[in-house]
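Letter by letter, the chains look like this.
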Amino acid sequence: VSCAKFSPDGEYLATSSGDRSVRLWNLESEACVADFDDHTQGTWSVAWHTCGQFIASCSMDNTAKIWDLGSQRCRNTLRGHNRAVMSCEFVYGSNALLTASTDKSMRLWDARTGLCHQNFLAHTSPINHATFSPGGNKIASIDCSGKVFD
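These lines cover the structure that appears in this document, whether it is placed above or below. Worth saying up front: this structure is predicted, and the values here are computed from it rather than measured.

Description of the layout of surface pockets
In this structure, the largest pocket occupies an estimated 260 Å³ of space. Taken together, 15 residues line the largest pocket, and the ones lying closest to its centre are W48, T50, E89, F90 and Y92. If you list the elements that add at least two residues to the lining of the largest pocket, you get β5 (43-48) and β9 (85-90). In the lining of the largest pocket, the residues fall into 9 nonpolar, 4 polar and 2 charged.

Quick word on the sheet that holds strand β10 (residues 96-101)
Strand order across the open sheet formed by 4 strands is β9-β10-β11-β12, with antiparallel pairing between neighbours. The open sheet has two edge strands, β9 and β12 (115-120), and neither has a second partner. The average angle at which neighbouring strand axes cross in this sheet is 20°, direction not considered. Relative to β12, strand β11 (residues 106-110) runs antiparallel, the two being bridged by 5 bridges. Along β12, the bridge assignment pairs D110 with L115.

Calculation criteria
Residues numbered from 1 in each chain as written. Predicted model: local features only at pLDDT ≥ 70, side-chain atom pairs only at ≥ 80, totals over all residues. Heavy atoms only, no water. 1 Å grid on protein atoms, 1.4 Å probe; cavity = no way out; pocket = protein on both sides within 12 Å on 5 of 7 lines; lining within 4 Å. Points joined across faces, edges and corners; volume = space filled by probe spheres on them. Helix = DSSP H or I, 4+ residues; strand = E, 2+ residues; numbered from the N terminus. Nonpolar A, V, L, I, M, F, W, Y, C, P; charged D, E, K, R; others polar. Pairing = 2+ DSSP bridges. Axes fitted to C-alpha atoms, helices over the stretch in contact; angles between N-to-C directions.

Structure follows, in structure tokens:
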């Protein structure tokens, strides 16, 4: 398991794994209630949308995916990075998803449409992780150093 995140209501846990899977676990029953396996390589991270009905995953297959928990299907595959996507995170209360990649870029996506709205090319080394400030107005990204963007 490469990442584990609690759902907004605390009832579920989403996990990503090197075996390509993204799994959803019911914490009360300790059972796997969904197994998403559309990635073609290992998955690095997962993120919950604040509504609790969608999760995002990112992978070494150079993509991120948006999963609809109601239908248990992939809603969008986000393509644009040309190397492994290491992290993904929703802006709180928004449909915007941030991805960070070893291609040294970050992208801001509309999770509903799958369109990339902004591409950040400010790193000179592969990016390991990116995150939003609580207000969503700043991004911190980590390579072998670190950067903060307004």
